[in-house]
Amino acid sequence: MRLQGKLAVVTAAASGMGRAGVERFVREGAKVAAIDLDARALEALVAEIGPDKVCPIVADLSTPQGARDSIDQAALILGGIDILWAHAGMPGPASVENLDMAAYDKAIALNVTSAALGAGQAAPHMRARGGGAIVFTASISGLVGSMMSPIYSAAKWGVVGLGKSLALALAGDGIRVNVVCPGLADTPMKQGFTGRSGDPAEAAANEAKIVSAVPMGRLVQPGEVADAVLWLVSEEASFVTGVALPVDGGFTAR
Ligand SMILES: NC(=O)c1ccc[n+]([C@@H]2O[C@H](COP(=O)([O-])OP(=O)(O)OC[C@H]3O[C@@H](n4cnc5c(N)ncnc54)[C@H](O)[C@@H]3O)[C@@H](O)[C@H]2O)c1
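Description of the structure in this document. (Residues numbered from 1 in each chain as written. Predicted model: local features only at pLDDT ≥ 70, side-chain atom pairs only at ≥ 80, totals over all residues. Heavy atoms only, no water.)

At a closest axis distance of 9 Å, the pairing of helix H4 (residues 101–128) and helix H5 (residues 150–170) adopts a crossing angle of 15°. Judged by the inter-axis angle, H4 sits roughly parallel to H5. As H4 runs across H5, the sense of the crossing is right-handed. In contact with Tyr104, Ala107, Ile108, Asn111, Val112, Ala115, Ala116, Ala119, Ala123 and Arg127 of H4, H5 contributes Ile151, Tyr152, Ala155, Lys156, Val159, Leu162, Leu166 and Leu170. (Axes fitted to C-alpha atoms, helices over the stretch in contact; angles between N-to-C directions. Helix = DSSP H or I, 4+ residues; strand = E, 2+ residues; numbered from the N terminus. Parallel < 35°, antiparallel > 145°, perpendicular 65-115°, else oblique. Left-handed = near helix turned anticlockwise from the far one by under 90°. Contact = heavy atoms within 4.5 Å.)

What follows is the structure, given as structure tokens:
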């Protein structure tokens, strides 16, 4: 088992890629604190995986208090932190024209601020245990521009910069920091990128347009991203830090 005895925290853990990460971390021997806004989905996750292996923490990570307190609570429940997958994020406004400032602030708060605060709260616990591994979730939109999601792209470029900077700052403490950059993923959030107008035909057309630009010709599955994250936090990636790893079927290779 690749994470035997490790204490791990996953945010946005109740669905999609985060949930697939919790399943893999537990399978590989970690004890996991699963943080999410959705109490019922967390309950279902715990029922499926087992309360001895995963501890649910309900928190709104778009607020500084939620982002800080939930990591503190995780450290208390687990007895420390070795691994943090700060996965929370959201699409945000589709245009900078008539910009909805509340929606803008929330997108920055959930995508960037929650990652910074999570790492800031977790790092001392990792240092106390002799090292650790942090993974942030950005996106292909953190590596190239996004026609449909400019604020999201700005936020995810910020997440990539945060990851690379913290990799430099924390290397001396034995804490590796990497960023995973998924392509359009087959999860509930997909609709937030492709179907903002609520028109299913438009969502399907936007999805087809994106998929046609993916050399491997399909969406990424949640488990494929979680597998990449599992590798990044495992000892197999012991000399890998400061990387922004695309899991995108070749989308950003052009
Ligand atoms: N789905 C995609 O196409 C895609 C592509 C690239 C990157 N991403 C990134 O992946 C991450 C999550 O995506 P997913 O596809 O796994 O999503 P998902 O829709 O399957 O799950 C999102 C989870 O986040 C939780 N959540 C929402 N708001 C929250 C808040 N304020 N506080 C705490 N939890 C909250 C939800 O309850 C849900 O469980 C985000 O960072 C997103 O930007 C998604």
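Right, let's get into the layout of surface pockets. If you add up the space inside the largest pocket, you get close to 1,100 Å³. In this structure, the largest pocket is lined by 49 residues; those nearest its centre are Pro91, Tyr152, Met189, Lys190 and Phe193. Sorting the residues of the lining of the largest pocket by element identifies helix H1 (16–27), strand E2 (31–36), H4, H5, helix H6 (190–194) and helix H7 (200–212) as the ones contributing at least two each. Here the residues of the lining of the largest pocket sort into 27 nonpolar, 15 polar and 7 charged. The wall of the second largest pocket is formed by 16 residues, among which Lys6, Gly132, Ala133, Val233 and Glu235 lie closest to the centre. Across the lining of the second largest pocket, the residue classes tally to 4 nonpolar, 6 polar and 6 charged. (1 Å grid on protein atoms, 1.4 Å probe; cavity = no way out; pocket = protein on both sides within 12 Å on 5 of 7 lines; lining within 4 Å. Points joined across faces, edges and corners; volume = space filled by probe spheres on them. Nonpolar A, V, L, I, M, F, W, Y, C, P; charged D, E, K, R; others polar.)

Across the sheet, 7 strands lie side by side as E3-E2-E1-E4-E5-E6-E7; this open sheet has parallel pairing. Single-partner strands in this sheet number two, and they are strand E3 (54–58) and strand E7 (244–247). Direction aside, neighbouring strands of the sheet carry axes that sit 20° apart on average. The pairing of strand E5 (residues 132–137) with strand E6 (residues 175–182) spans 6 bridges and is classified as parallel. Among the inter-strand pairings, Ala133 is bridged to a residue of E6, identified as Arg176. Against the sheet, helix H2 (residues 39–49) makes contact with E2 and E3, and its axis sits at roughly 175° relative to E3, the strand it touches most. Sheet strands in contact with H5 are E5, E6 and E7, and its direction is about 160° off that of E6. (Pairing = 2+ DSSP bridges.)

Surrounding the ligand, one finds 30 residues, the nearest of these being Ser15, Asp36, His87, Tyr152 and Thr187. Measuring from an oxygen atom of the ligand, one finds a side-chain N or O atom of Lys156 at 3.0 Å. For the ligand, an oxygen atom lies 2.8 Å from a polar atom in the backbone of Ala185. Considered on its own, the ligand offers 840 Å² of accessible surface; in the complex 91% of this is hidden by protein. The pocket occupied by the ligand, as judged from atoms lying within 2 Å of grid points, is the largest pocket. For the shell around the ligand, the secondary structure elements donating two or more residues are H1, H5 and H6. Looking at side-chain class alone, the shell around the ligand contains 16 nonpolar, 9 polar and 5 charged residues. (Near = heavy atom within 4 Å. Polar contact = N/O pair within 3.5 Å; in protein donor to acceptor, adjacent residues only side chain to side chain. Areas by Shrake-Rupley, 256 points an atom, 1.4 Å probe, with all protein chains shown as cover. Sits in = over half its atoms within 2 Å of the grid points.)

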